[in-house]
Amino acid sequence: MFAYIKGNFITNRKKGGEEMNYLSGNLELMHELNTKQILRVIRQFNPISRSEIVEKTNLTAATVSRIVSKLIEFNLVTETGYGESSGGRKPILLELNPGAVLTVGIDLEIDEIKGLIIDLNGRVLLEDNLSIKGEREQDHIINRVIEIIKKLLSKKDYRSRVTGIGIGMHGLVDYARGISIFPPAFGWRDIPVADMIKKEFDLPVIIENNVRALTLAENWFGMAKDLNNFICLKVGSGIGSGIFTDGKLYRGASNSAGEIGHTMVDEDGPLCSCGNYGCLESMASIPAIVKRTVKALKQGADSKINSMVNNLKEINEETVFLAAKQGDQLAGQVLQDTGRYLGIGIANLINILNPEVVIIGGDIVLAGDIILESMRSTVHNRALSYPAEHVKIINSRMGKEGVAIGAAALILESVFNIGHNINVDIGL
Ligand SMILES: [Zn+2]
């Protein structure tokens, strides 16, 4: 029955208030929306009784009872015990069965493909990766993605429970049409990645920008679990942000929302890959950290890094992070400056979007607290005091699997969330 949510119903939103009339005209669709609503409430308040579901959804007891029976029949929900009685019989508690719906998540990185299968709790059941170092040609890379998915689906009895495949990749992605519009490192233009992969598997495929996928992972399983307003900043070879506002990912009019990496921090700063000068990415990305360190050493700065490497070419971010942790002044200064630049970008985001939490993800997390503290004090000094007092700035704990887990959560988002325009059939 989930087949009713197909591409076009979202376009009916244009008519604004007419949306509900359109929906209520379709009983089966209403039924499905009710199912999604119930599934969502069970997930959020796990374990929960039928009468609590009635309270939280405003659906009738009969509707809740009918849909819950169906969810139990299809093993999506199980009765796990009894709750506290409020006078009468003790209520039966319902829980999601985490293994009932599995999803595949792919992180298509520039040099590597990570693939995994997760359950409804975000537990990684299976994981694999493939190197694509130096490979750029689209058909070749897509074939490698297909190869890793085939490998994941060939294991154990997972295949029958996998409901879809999510893919996170860099660059501009048209999520609704499944197209990679422009991933700069690959140099592709308008590649229908979702369709190319869908052909190989009888499963829905959703693609999304990697930073947005990571943001979704934080909302489903990470530091922003069930928060409605937060920002996730990914700082690695580039810098991007995922904006989660009013309970939804914000994509913008043409899918480019969140490009904080290309906002200016210093007019006189270095040239950026986008052609401008002094973008946040050119000042605070991992390559920028390494570049600034090497430049200072070339200019004769005193640092223990000189004794940690044979020549300046060996210096990478790990060298700088390690030296800073050991109290090296130069490395510490480079990281503090990086935190200050990031803090300026974050202060701007906070003033505009007023998030509850800002989560820092990507390889920058490995630098530890030096950057985080410098970021926090810059935000404290620069952002408007009211939103700054109410925001927490924290490091992600998702680890290297974050994007792949978020990609898998794209499919869960379709199963659980109303107003989603990509169909995922969970067999009810
Ligand atoms: Zn730029």
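Definitions and cut-offs
Residues numbered from 1 in each chain as written. Predicted model: local features only at pLDDT ≥ 70, side-chain atom pairs only at ≥ 80, totals over all residues. Heavy atoms only, no water. Helix = DSSP H or I, 4+ residues; strand = E, 2+ residues; numbered from the N terminus. Rg over C-alpha atoms; globule rule 2.2 N^0.38 Å. Buried < 20%, exposed > 50% of the residue type's maximum accessible area, 1.4 Å probe, protein only. Contact = heavy atoms within 4.5 Å. Lys, Arg positive; Asp, Glu negative; His and termini not counted. Charge placed at Lys NZ, Arg CZ, Asp CG, Glu CD. Donors = N, O, S within 2.8 Å, 3.2 Å for Na, K, Ca; no water. Domains from an automatic or database assignment. Buried area = accessible area lost by both parts, 1.4 Å probe. Salt bridge = Lys/Arg side-chain N within 4 Å of Asp/Glu carboxyl O. Polar contact = N/O pair within 3.5 Å; in protein donor to acceptor, adjacent residues only side chain to side chain. Nonpolar A, V, L, I, M, F, W, Y, C, P; charged D, E, K, R; others polar. Expected span 1.5 Å × (residues − 1). Axes fitted to C-alpha atoms, helices over the stretch in contact; angles between N-to-C directions. Parallel < 35°, antiparallel > 145°, perpendicular 65-115°, else oblique. Left-handed = near helix turned anticlockwise from the far one by under 90°. Core = buried A, V, L, I, M, F, W, Y, C linked by side-chain atoms within 4.5 Å.

S.K.: Is there a simple way to explain the overall build of the protein chain in this structure?
M.R.: When you go through the protein chain residue by residue, the secondary structure sums to 15 helices and 15 strands. Rg of the C-alpha trace for the protein chain: 23 Å, near the compact-globule value of 22 Å for 428 residues, within the 12% margin. Along the longest, intermediate and shortest principal axes, the C-alpha atoms of the protein chain span 75 × 50 × 45 Å. Every one of the 428 residues in the protein chain was classed for burial, and the buried ones make up 54%. Within the protein chain, contacts between residues at least 6 apart in sequence are counted, and of these 62% link residues at least 24 apart. Between the mean site of the 46 positive side-chain charges and the mean site of the 50 negative ones, the protein chain shows a separation of 2 Å.

S.K.: When you look at the coordination of the zinc ion in this model, what are you seeing that I'm missing?
M.R.: Four donors placed tetrahedrally about a metal ideally form angles of 109.5 degrees, and six donors placed octahedrally ideally form angles of 90 or 180 degrees. Within the first shell, the zinc ion binds the protein through H262 (ND1), C272 (SG), C274 (SG) and C279 (SG), at distances of 2.1 to 2.4 Å. Taken in sequence order, the residues that donate to the zinc ion follow the motif H-x9-C-x1-C-x4-C. Of the two residues, H262 is situated in the loop between β13 (248-250) and α8 (280-284) and C279 in the loop between β13 and α8; the sequence distance between them amounts to 17 residues. Accessibility expressed as a relative area gives 30% for H262, which makes it partly exposed.

S.K.: Would you explain the domain arrangement of the protein chain in this entry?
M.R.: Size of an interface, as often reported, equals the accessible area lost when the parts are brought together. According to the domain assignment, the protein chain consists of domain 1 (2-96), domain 2 (102-219 + 402-416) and domain 3 (225-397). On the side of domain 2, five residues touch domain 1, which itself brings six residues to the contact. Counting each side, the surface lost to burial between domain 1 and domain 2 is near 550 Å², with a carbon and sulfur contribution of 62%. The interface formed by domain 1 and domain 2 contains zero salt bridges. If you look at where domain 1 meets domain 2, you find one residue pair in polar contact (both at pLDDT 80 or more). Here the element with the most residues in the side of domain 1 that touches domain 2 is helix α2 (residues 27-45); it accounts for four residues. For the side of domain 1 that touches domain 2, the per-class residue count stands at three nonpolar, no polar and three charged.

S.K.: I would appreciate a short explanation of helix α12 (residues 329-353) in the present structure.
M.R.: Side chains three or four residues apart in an α-helix point the same way, a direct result of the helix having 3.6 residues per turn. Here α12 contains 25 residues, and its C-alpha end-to-end distance of 35 Å stays within 8% of the 36 Å for a straight helix at 1.5 Å per residue. Where α12 begins, the capping side chain belongs to D328, and its oxygen is found 3.5 Å from the backbone nitrogen of L330. Downstream of α12 by one or two residues, N354 has phi in the positive range, about 50°.

S.K.: I'm lost on the packing of helix α3 (residues 50-57) against helix α4 (residues 61-73) in this one. Help?
M.R.: Helix packing for two helices is described by the angle between their axes and how far apart those axes are. One can describe the packing of α3 onto α4 by two numbers: an axis separation of 10 Å at closest approach and a directional angle of 120°. One way to sum up the angle between α3 and α4 is to call them oblique. Crossing of α3 over α4 shows right-handed handedness. Between α3 and α4, the contacting residues are R50, I53, V54 and T57 on the first element and A61, V64, V68 and I72 on the second. Looking at the contact of α3 with α4 residue by residue, the classes come out as six nonpolar, one polar and one charged.

S.K.: When you look at the nonpolar core in this model, what are you seeing that I'm missing?
M.R.: One broad rule of soluble globular proteins: the nonpolar side chains tend to lie buried together. With 48 residues, the main nonpolar core has I38, I42, I53, L71, F230, L412 and F416 as its most contacted residues. Elements that contribute at least two residues to this core include exactly α2, α4, β3 (92-96), β5 (112-118), α7 (210-221), β11 (230-235), β14 (357-361) and α15 (402-416). Take this core: its biggest share by element is ten residues, from α15. Each residue touching L412, except ones within four places of it in the same chain, is listed here: V101, T103, I118, L120, W220 and F221.

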